[in-house]
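Chain and residue survey
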Amino acid sequence: MDTIYALATARGKAGVAVVRLSGPNSHAAVTRLGAGNLVPRKPVLRLLKSADGTPLDEALVLFFEKGASFTGEDVAELQLHGSIATVNAVLRVLSTDRSLRLAEPGEFTRRALENGRLDLAQVEGLSDLIEADTEAQRVQALKTLSGALGDLAEVWRTKLIRAAALLEATIDFADEDVPVDVSPEVNALIDDVLAELEREKSGSFVAERIREGFEVAIVGEPNAGKSTLLNALAGRDAAITSDIAGTTRDVIEVRMDLRGLPVTILDTAGLRETDDVVESIGIRRALDRAAASDLRIFLLSSGDIALIEPRDDDVVVHGKSDLAATDGLSVSGKTGEGVADLIDLITGILERRASGVATATHERHRIAVERGIEALGIAKIEVSHGAERAEIAAEELRTAIRTLDSLVGRVDVEHLLDEIFASFCLGK
């Protein structure tokens, strides 16, 4: 493979900047910079110089040998002083080395995948970890990066291979007396995997929401105080407030971190019958976003809920509590009364949902799980028809195995790689 290099830390001024090299010429390349002899995994402080002896920077240099590095190849890292000029000077010298080339986006991680240091699900976990904004996202991404999904996929694979082997034995000895009926064990193995796949499927929707963020829509009649409440929740003037009904025409979004959970609060247009064309468009958008949201806050002003009914777990709250006392939960976006209680209530509901999170965290994972469930369902039907359908049942089991293997990149994922790695920065 080529030897690649790139800045592995963010551009801009910083205390430290890391330049990473990976490939067979990485050791020789940093040696030419003045790093001298390097002992694997032992950092040394060296004065780096260009080919003509011009000092570049005093840097901490690390070398990792093939098989013991992130990419699985020889890897060298230069920990530089993080000025823009210093980084540019070192990168400029490396660009003149004909044994090196600049890395493509995600190429370090792609090499880790190709060299067996990471599976495909771990690659996605690493991408999620880099993008994590909240504690729940960090914990979930770290779990995926640790190989949890790959471990599950290996257990499923082992059970299904055992089931397929039992059926194959039935096929091989079809013309002889086979004293043992294998269908009970085959069905037990299939049922075990099916139960786990069903749990992963149901929990994958929650896992996706943790990755992308829960949506909570504030809905109610015009002038109920929705925008004022949004501003109180956000702690800033995110939406225009007015005594004039129908001020909000479009959906306004505010991203929040509620006890580690990523949540987007939506302020929607007031729900009412209207002949105003523009307001009608806003109301349609409000209804669509409210229907698609994970949770709705119904902010009541007159006691009526217009155009839309609450679902289970939706929150019904009285607004403008500073103007009139009401029974039950009430809030005032203007004074802040009840806002903390409302946040606690929303967070509690979303935390209960997040507790059912699965190891499968991406839509790709869920689709593979669903296809695996479908194949195993067919396999069970074929097993029930007896030995004469064992060959078809075995083929359905092989289909399920191939589908679940795609979770970790064993098969049928080449077309996904370019899209996945394009989201990484050069230094990853």
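The rules behind the values
- Residues numbered from 1 in each chain as written.
- Predicted model: local features only at pLDDT ≥ 70, side-chain atom pairs only at ≥ 80, totals over all residues.
- Heavy atoms only, no water.
- Helix = DSSP H or I, 4+ residues; strand = E, 2+ residues; numbered from the N terminus.
- Buried < 20%, exposed > 50% of the residue type's maximum accessible area, 1.4 Å probe, protein only.
- Contact = heavy atoms within 4.5 Å.
- Areas by Shrake-Rupley, 256 points an atom, 1.4 Å probe, with all protein chains shown as cover.
- Pairing = 2+ DSSP bridges.
- Axes fitted to C-alpha atoms, helices over the stretch in contact; angles between N-to-C directions.
- Salt bridge = Lys/Arg side-chain N within 4 Å of Asp/Glu carboxyl O.
- Core = buried A, V, L, I, M, F, W, Y, C linked by side-chain atoms within 4.5 Å.

When you go through the protein chain residue by residue, the secondary structure sums to 13 helices and eleven strands. Going through the 428 residues of the protein chain one by one, you find that 48% of them count as buried. If you take every contact in the protein chain between residues at least 6 apart in sequence, the share linking residues at least 24 apart comes to 62%. Accessible surface computed for the protein chain: about 20,700 Å², of which carbon and sulfur atoms make up 51%.

Turning our attention to the sheet that holds strand 5 (residues 75-82). Sheets are built from strands paired through backbone hydrogen bonds, the pairs being either parallel or antiparallel. In space, the six strands of this open sheet follow the order 3-4-5-2-1-6, with mixed pairing throughout. Either end of the sheet is taken by a strand with one partner, and the two such strands are strand 3 (44-49) and strand 6 (100-102). Each adjacent strand pair in this sheet contributes to an overall mean axis angle of 30°, direction not counted. With six bridges joining them, strand 3 and strand 4 (residues 55-64) adopt antiparallel strand pairing. By the bridge assignment, Val44 is partnered in strand 4 with Val61. Packing against the sheet, helix 2 (residues 84-95) makes contact with strand 1 (3-7), strand 2 (14-22), strand 4, strand 5 and strand 6, and its axis sits at approximately 145° to strand 5. Each of strand 1, strand 2 and strand 6 touches helix 3 (residues 107-114); the most contacted strand, strand 1, lies at about 135° to it.

Below, the discussion takes up the pairing of strand 7 (residues 214-220). The element strand 7 is largely enclosed, with a buried count of seven among its seven residues. Across five bridges, the pairing between strand 7 and strand 9 (residues 261-267) is parallel. The residue of strand 9 that forms the bridge with Phe214 is Val263. One ladder, built from five bridges, connects strand 7 with strand 10 (residues 295-300); its direction is parallel. For Ala217, the partnering residue across the bridge sits in strand 10 and is Arg296.

With phi around 50°, Arg259 is a residue other than glycine that occupies positive phi space. One can find Arg259 in the loop between strand 8 (252-258) and strand 9. Take Arg259: its relative accessible area is 52%, and that puts it in the exposed class. At Asp313, a residue that is not glycine, the phi angle is positive and equals roughly 80°. As for its placement among the helices and strands, Asp313 is situated in the loop between strand 10 and strand 11 (315-318).

Okay, the pattern of salt bridges next. On inspection of all chains with the given rule, the structure shows 30 salt bridges. Between Glu208 and Arg366 there is a salt bridge, with the nearest N and O atoms lying 1.9 Å from each other. One end of the pair, Glu208, is in helix 7 (residues 183-212); the other, Arg366, is in helix 11 (residues 363-384), with 158 residues separating them in the sequence. The same class applies to Glu208 as to Arg366, namely buried. Across the pair Asp294 and Arg209 runs a salt bridge whose closest N-O atoms are separated by 3.1 Å. Here the residue Asp294 occupies a position in the loop between helix 9 (277-292) and strand 10, and Arg209 occupies one in helix 7, the gap between them amounting to 85 residues. Residues Asp294 and Arg209 agree in their burial class; the two are buried. Overlapping salt bridges, with partners in common, bring together Asp2, Glu73, Arg101, Glu107 and Arg111 in one network.

As a further point, take the nonpolar core. Membership of the largest hydrophobic core comes to 32 residues, with the highest contact counts inside it found for Leu160, Leu167, Val186, Leu197, Leu376 and Leu397. Listing elements by their share of this core, those giving two or more residues are helix 6 (148-172), helix 7, helix 11 and helix 12 (390-405). When residues of this core are assigned to their parent elements, the largest contribution, eight residues, is made by helix 6. Residues within four places of Leu167 in sequence aside, it is in contact with Val182, Val186, Val383, Ala390, Ala393, Ala394 and Leu397. Counting 28 residues, the second-largest nonpolar core is a separate cluster that includes Val206, Ile210, Leu230 and Val339.

Of all eight residues making up helix 3, seven are buried, and the element is well covered by its neighbours. Those residues of helix 3 that fall on the buried side of the exposure criterion are Glu107, Phe108, Thr109, Arg110, Arg111, Ala112 and Leu113. In the stretch just after helix 3, Gly116 is the one whose phi turns positive, near 80°.

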